[in-house]
Amino acid sequence: MSDPLATEAKSLFKSIRIVLAVSGVIALIAGIILLVWPAKSAVIVTGIFASYLVVAGLVYIGLGIFSRAKGGWARVGHIVLGLVYIVAGVIAFANLGVAAATLALVVVIFIGISWIVDGVVALSLLGQDGSRVWTLLYALLSIIAGIVVLFSPLYAAAVLWLVLGISLVVLGIVQIVRAITLGKDAKGFVASVESDAVR
């Protein structure tokens, strides 16, 4: 009969491997698309974001008009917020090229910060992760990429899609390798849990 703790450990490792593998594949595919069609992908992303703004604006206006449970100021606030969203979306649609450049600058700063945080989190898991070399490589790549992006945001915005595409391809491959090596580590961990349960 299988030990419940070992079964739970297998399930946990399987879930982690699936998340790592799926996020790695998504990052790899997104990176390849950004490298193959950089200008078109920038305009498409901006168009999607502008569409979101218009739809969100309509939803907020609808909430403001049709919500009887909210007070007067809350309803007015929703309507004003909805109008701001719609205006921003229309302005973005009016000139997708300029909107893409502005969005790239904002996104590049966010990406730089998130890569540094992701790298620090990966370093904090270094002692617990069985694939230490790949985790360390992933953490260092994330932190270095984040610092480079933050110290040169204008340059990084100009080449955002190239930098982002290459980074996503590299990080995607590393995530996929981490998922594969975690499977080997999971077998060793489950075997140790089962041997501890026998004692």
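All values reported here derive from a predicted model rather than from experimental measurement.

Engineer: Which parts of the structure should I look at to understand the overall build of the protein?
Structural biologist: Within the protein, the secondary structure is distributed over seven helices and zero strands. In the protein, which comprises 199 residues, the proportion classed as buried is 33%. Partitioning the contacts of the protein with sequence separation of at least 6, the portion at a separation of at least 24 is 80%. Summed over its atoms, the accessible surface of the protein is roughly 12000 Å², and 78% of this surface lies on carbon and sulfur atoms.

Engineer: It is not clear to me how the nonpolar core should be interpreted in this structure. Could you clarify?
Structural biologist: Generally speaking, soluble globular proteins have nonpolar side chains that are buried together. One finds Val108, Trp115, Leu160, Trp161 and Leu164 to be the most contacted residues of the largest nonpolar core, which totals 21 residues. Elements that contribute at least two residues to this core include exactly helix 1 (4–36), helix 4 (96–124), helix 5 (132–151), helix 6 (153–158) and helix 7 (160–198). Look past the residues within four positions of Val108 in its chain and what remains in contact with it is Val149, Pro153, Ala156, Ala157 and Leu160.

Engineer: Would you take a moment to explain the layout of surface pockets for this structure?
Structural biologist: With a probe scaled to a water molecule rolled over the atoms, the places where space remains empty come into view. Taken as a whole, the second largest pocket encloses approximately 170 Å³ of empty space. For the second largest pocket, the lining is made up of 13 residues, of which Ala27, Trp115, Tyr138, Leu168 and Leu171 are closest to its centre. When residues in the lining of the second largest pocket are grouped by element, the largest group, five residues, is from helix 7. A per-class count over the lining of the second largest pocket returns seven nonpolar, five polar and one charged.

Engineer: What am I meant to see in helix 3 (residues 72–94) here?
Structural biologist: Structurally, the α-helix is built with 3.6 residues per turn, so residues lying three or four positions apart point the same way. Here helix 3 spans 33 Å end to end across 23 residues, near enough to the 33 Å set by a 1.5 Å rise per residue. Among the residues making up helix 3, those that are buried are His78, Gly82, Ile86, Gly89 and Ala92.

Engineer: Looking at this structure, I do not really get the packing of aromatic side chains. What am I missing?
Structural biologist: For any pair of aromatic rings, the description consists of the separation of the ring centres together with the inter-plane angle of the planes. A complete count under the given rule lists two aromatic pairs for this structure. Here the aromatic rings of Tyr60 and Tyr85 are separated by 5.6 Å at their centres, their planes lie at 85 degrees, and the arrangement is edge-to-face. One end of the pair, Tyr60, is in helix 2 (residues 38–66); the other, Tyr85, is in helix 3, with 25 residues separating them in the sequence. When its relative accessible area of 26% is taken as the criterion, Tyr60 is described as partly exposed. Arg178 extends its terminal NZ or CZ atom over the ring of Tyr138, reaching a point 5.2 Å from the ring centre.

Engineer: Would you mind showing me how to read the environment of Ala30 here?
Structural biologist: Of note, Ala30 is situated in helix 1. Separated by 138 residues in sequence, Ala30 and Leu168 have C-alpha atoms that sit 6.9 Å apart.

Parameters and conventions
- Residues numbered from 1 in each chain as written.
- Predicted model: local features only at pLDDT ≥ 70, side-chain atom pairs only at ≥ 80, totals over all residues.
- Heavy atoms only, no water.
- Helix = DSSP H or I, 4+ residues; strand = E, 2+ residues; numbered from the N terminus.
- Buried < 20%, exposed > 50% of the residue type's maximum accessible area, 1.4 Å probe, protein only.
- Contact = heavy atoms within 4.5 Å.
- Areas by Shrake-Rupley, 256 points an atom, 1.4 Å probe, with all protein chains shown as cover.
- Core = buried A, V, L, I, M, F, W, Y, C linked by side-chain atoms within 4.5 Å.
- 1 Å grid on protein atoms, 1.4 Å probe; cavity = no way out; pocket = protein on both sides within 12 Å on 5 of 7 lines; lining within 4 Å.
- Points joined across faces, edges and corners; volume = space filled by probe spheres on them.
- Nonpolar A, V, L, I, M, F, W, Y, C, P; charged D, E, K, R; others polar.
- Expected span 1.5 Å × (residues − 1).
- Phe/Tyr/Trp six-rings, centres within 6.5 Å; stacked < 30°, edge-to-face > 60°.
- Lys NZ or Arg CZ within 6 Å of the ring centre and 35° of its normal.

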